[in-house]
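# Inside the fold
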Amino acid sequence: YYVLSYTFMTVGAFALVSLVAKDGKEETQLEDLRGLWRRSKVAAGCLLVFMVSLIGLPPTSGFVGKLLIFQDAIKVGLVPLAVLLAVSSIVSVTYYLNIAYQATIADTDAEMPRFAAFRPAIQSACVICAVAVVAVVFFFSPLTQFLGSR
């Protein structure tokens, strides 16, 4: 379940980050996301959904996935692993919120970064992934039955 959820989160997030990639190079900075909200509300909204899910907030699949991993770690006696999951989740909040902040709230008078065109293929992929991140929560039982386990 979590692998499926994580796939939707990361594919969507990386598709959006590719919009600000500089000539295909791995030089993209966090500040390059500034103004994404003004450029494309759909892109920024999708990115926000992905960040909320990566943090593990309800009603996203990231929340359910982290909860299941945490419960299973406790159930089998791996309390240190559960504590590590909790601590790393707390630490990741600042990272993911900063990404969301840069894309949606941060404003600067400096030159706005240039974004690649938000083409229909990327837009469709991002919207499908964002919807899936939330939808798989509501189809948890059928999905886990189909996948055979959690």
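Just so it is clear, the structure is predicted and the values come from calculations on it, not from any experiment. (Residues numbered from 1 in each chain as written. Predicted model: local features only at pLDDT ≥ 70, side-chain atom pairs only at ≥ 80, totals over all residues. Heavy atoms only, no water.)

Along its length, the protein chain carries seven helices and zero strands. The secondary structure elements of the protein chain, listed N-terminal to C-terminal, are α-α-α-α-α-α-α. Every one of the 150 residues in the protein chain was classed for burial, and the buried ones make up 35%. Expressed as a percentage of contacts within the protein chain between residues at least 6 apart in sequence, the contacts between residues at least 24 apart total 77%. Counting every atom, the protein chain has about 8900 Å² of accessible surface; 67% of that belongs to carbon and sulfur. (Helix = DSSP H or I, 4+ residues; strand = E, 2+ residues; numbered from the N terminus. Buried < 20%, exposed > 50% of the residue type's maximum accessible area, 1.4 Å probe, protein only. Contact = heavy atoms within 4.5 Å. Areas by Shrake-Rupley, 256 points an atom, 1.4 Å probe, with all protein chains shown as cover.)

The first and last C-alpha atoms of helix α6 (residues 120-138) sit 27 Å apart over 19 residues, in line with the 27 Å expected at 1.5 Å per residue. Along α6, the sharpest kink reaches roughly 30 degrees, centred on Ala 132. Of the surrounding elements, those touching the buried residues of α6 are α1 (2-17), α3 (41-55), α4 (61-75) and α7 (140-147). (Expected span 1.5 Å × (residues − 1). Bend = angle between axes of the 7 residues up to and from the residue.)

With that out of the way, let us pick up a nonpolar patch on the surface. Where nonpolar side chains cluster on the molecular surface, the patch consists of Phe 70, Ile 74, Val 79, Val 83, Val 87 and Val 91 and spans about 480 Å² of accessible area. Mapped onto the nonpolar patch, the elements with two or more residues apiece are α4 and α5 (79-104). Per-element tally for the nonpolar patch: the top contributor is α5, with four residues. You can see Val 91 is positioned in helix α5. (Patch = residues over 30% accessible without salt bridge, like charges linked within 9 Å, V, L, I, M, F, W, Y side chains within 5 Å. Salt bridge = Lys/Arg side-chain N within 4 Å of Asp/Glu carboxyl O.)

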